[in-house]
Amino acid sequence: MTSISAASRVFALLGDPVEHSLSPRIQNAAILAAGVDGVYVALRAVEEDLPGFIRGLCRAGGGGNVTLPHKEKASTVVDERLPAVRRTGACNTFWLEDDRIVGDNTDVDGFSRALRDFLGEAPTNARVLLLGAGGAARAGLVALLDDGVDEIRLLNRSVERARNVSRRIGGERVRVVPDPAELDGERFDLVVNATRLGLHPDDPTPFELDRLEEVGAVVDMVYGAEPTALVRAAESMGVRATDGREMLVQQGAAAFERWWGVDAPLDAMRRALPEREGDADVG
Ligand code: NAP
């Protein structure tokens with residue numbers, strides 16, 4: 001078992017709020033399982049302190065993650081923006097390489113890996129309905145396009161925001177849907193929720209799945225102590241569905257690999273999640 005030493009590398013999650021984050025549990029379990037010398041903490045950071053925290057942690061030999069509401073700001077602080085940061089405009093992972101601060105957005109890889117794990121294959125040629133137009137939706141869009149989906153319909157409460165995302169990332173395979181009624185009777189291989197709806201137990205579902213003629217599978221990026229309303233709705237219709245817990249683990253695993261240069265101990269990271277009734281696979 002490792003213990004913290006004077007040589008331990010320090011990693012931090014920077015955001016506001018951060019006190020409910022599961023990342024410290026997941027990353028410290030990974031550090032322990034991989035036998036590397038480090039520690040991962042969560043620090044509440046206001047925007048004006050972000051550059052200082054990022055530079056300080058990197059110069060001291062560590063790095064970290066960035067969460068709401070600072071992912072966009074972080075993308076302007078790092079010295080080198082990897083392609084996932086340039087394409088999404090958001091940075092959630094940073095570290096030092098050759099004296100330069102490198103920024104990545106592992107939500108892209110995390111979503112892609114979790115989706116592949118869930119479907120058992122890449123979503124190549126799939127027809128997808130993507131809900132949302134914030135940071136998570138941008139990461140999902142990049143991942144889906146790179147994984148070779150055929151077509152994406154983008155639906156968001158603010159249509160203008162969806163149009164901006166589509167202009168920035170989209171291309172020919174993405175079409176913004178201005179009105180949910182336009183989707184009545186359509187068929188999708190996959191529905192992905194990247195809105196915030198589902199964070200609170202009494203949130204409505206972000207989309208009424210029964211408007212659709214057919215749905216192959218549902219992935220909710222949101223997760224909580226209980227399955228989200230969208231996951232419950234899908235399962236009640238006999239549609240296979242999963243929430244954002246595996247994506248959380250996979251984006252953390254991708255960050256771990258950037259920092260430590262070794263494979264992430266995925267099983268230990270999954271076991272670090274709080275147990276949930278009926279979740280034998282992640283308990
Ligand atoms: P964000 O940038 O603030 O975007 C929020 C999105 O939710 C926007 O599309 C927004 O629509 C929509 N929204 C908010 N309130 C709504 C409402 N009442 N009705 C309909 N739409 C509403 O947040 P984000 O970073 O994209 O995160 C979105 C969710 O993904 C969060 O719950 C986050 O926890 C989750 N997430 C999970 C992971 C993971 O690892 N599993 C990683 C990243 C994010 P408007 O544009 O119209 O406001």
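Residues numbered from 1 in each chain as written. Predicted model: local features only at pLDDT ≥ 70, side-chain atom pairs only at ≥ 80, totals over all residues. Heavy atoms only, no water.

**So, helix α7 (residues 159-170)**
It helps to recall that an α-helix has 3.6 residues per turn; residues three or four apart then point in one direction. Relative to the 16 Å expected for twelve residues at 1.5 Å per residue, α7 spans just 14 Å between its end C-alpha atoms, considerably shorter than the ideal helical length. Buried within α7 are the following residues: Ala162, Val165, Ser166, Ile169 and Gly170. Considered in projection along α7, the buried side chains sweep an arc of 100 degrees and stay on one side of the axis. Looking one or two places after α7, you find Gly171, whose phi comes out positive at around 90 degrees. (Helix = DSSP H or I, 4+ residues; strand = E, 2+ residues; numbered from the N terminus. Expected span 1.5 Å × (residues − 1). Buried < 20%, exposed > 50% of the residue type's maximum accessible area, 1.4 Å probe, protein only. Arc of directions from axis to C-beta.)

**Some remarks on unusual backbone geometry**
Working note: non-glycine residues mostly have negative phi, and peptide bonds are mostly trans. Of note, the amide linkage connecting Asp16 to Pro17 takes the cis form, showing an omega dihedral of 5 degrees. Backbone torsion omega between Leu68 and Pro69 reads 0 degrees, so that peptide bond is classified as cis. Tracing the backbone shows Pro69 in the loop between β3 (63-66) and α3 (71-77). Backbone geometry at Asp98 places phi at a positive 50 degrees, although glycine is not the residue there. Relative to the helices and strands, Asp98 is located in the loop between β5 (93-97) and β6 (100-104). A positive phi angle, close to 65 degrees, is found at Asp99, a residue other than glycine. For Asp99, the position within the fold is in the loop between β5 and β6. A relative accessible area of 58% means that Asp99 is categorised as exposed.

**Thoughts on the pairing of β3**
Both faces of β3 are covered, namely the face carrying Gly63 and Asn65 and the face carrying Gly64 and Val66. Two strands pair when backbone bridges link them, and strand β1 (residues 9-15) and β3 are joined in this way by four bridges, in the parallel orientation. The residue bridging Ala12 from the neighbouring strand is Gly64, located in β3. Sheet analysis places β3 next to β5, joined by three bridges and oriented antiparallel. Considered in β5, the bridge of Asn65 is made with Thr93. (Pairing = 2+ DSSP bridges.)

**Brief notes about the site of the ligand**
Near the ligand lie 24 residues; those nearest to it are Ala136, Asn156, Arg157, Ser158 and Arg161. Measuring from an oxygen atom of the ligand, one finds a side-chain N or O atom of Arg157 at 2.8 Å. In this structure, a nitrogen atom belonging to the ligand sits 2.9 Å away from a main-chain N or O atom of Gly244. Surface burial for the ligand is 81%, taken as the share of its 920 Å² of free accessible area covered by protein chains. Top element by residues in the shell around the ligand is helix α9 (residues 245-260). It accounts for three residues. Of the residues that constitute the shell around the ligand, the class distribution is eleven nonpolar, eight polar and five charged. (Near = heavy atom within 4 Å. Polar contact = N/O pair within 3.5 Å; in protein donor to acceptor, adjacent residues only side chain to side chain. Areas by Shrake-Rupley, 256 points an atom, 1.4 Å probe, with all protein chains shown as cover. Nonpolar A, V, L, I, M, F, W, Y, C, P; charged D, E, K, R; others polar.)

**What to know about the sheet that holds β6**
An order of β2-β1-β3-β5-β6-β4 is seen for the six strands of this open sheet, with the pairing classed as mixed. The open sheet terminates on both sides in strands that have one partner only, identified here as β2 (38-44) and β4 (80-81). Packed on one face of the sheet, α9 meets β1, β2, β3, β5 and β6 and runs near 10 degrees to β5. (Contact = heavy atoms within 4.5 Å. Axes fitted to C-alpha atoms, helices over the stretch in contact; angles between N-to-C directions.)

**Focus on the environment of Phe207**
Here Phe207 is to be found in the loop between β10 (187-193) and β11 (214-220). What Phe207 contacts, discounting residues up to four positions off in sequence, is Leu129, Leu131, Leu155, Pro180, Leu183, Leu212 and Leu230.

**Details of the pattern of salt bridges**
Per the stated rule, a full pass over the model turns up 21 salt bridges. When the shortest N-O distance is used, the salt bridge between Arg270 and Asp267 registers 3.2 Å. With a gap of three residues between them, Arg270 and Asp267 both fall in helix α10 (residues 266-271), about one helical turn apart. For Arg270, a relative accessible area of 15% gives the class buried. According to the relative accessible area criterion, Asp267 is partly exposed, its value standing at 48%. (Salt bridge = Lys/Arg side-chain N within 4 Å of Asp/Glu carboxyl O.)

**Focus on the domain arrangement of the chain**
Structurally, the chain comprises domain 1 (9-104 + 248-271) and domain 2 (108-243). Using only C-alpha atoms to locate each centre, domain 1 and domain 2 end up separated by 26 Å. Across the boundary between the two partners, domain 1 contributes 17 residues, which contact 14 residues of domain 2. Across the domain 1/domain 2 interface, buried area totals approximately 1200 Å², and carbon plus sulfur atoms make up 48% of it. Among the residues of domain 1 in contact with domain 2, Arg87, Thr88 and Gln250 are the three that bury the most area, contributing 50% of the side total. Put simply, domain 1 and domain 2 have four salt bridges between them. The partner of Asp109 in a salt bridge is Arg258, with the nearest N and O atoms 3.1 Å apart. In this structure, the connection of domain 1 to domain 2 is made through seven residue pairs in polar contact (both at pLDDT 80 or more). It is α9 that provides the largest number of residues to the side of domain 1 that touches domain 2, a total of seven residues. In terms of residue class, the side of domain 1 that touches domain 2 is made up of seven nonpolar, four polar and six charged. (Domains from an automatic or database assignment. Buried area = accessible area lost by both parts, 1.4 Å probe.)

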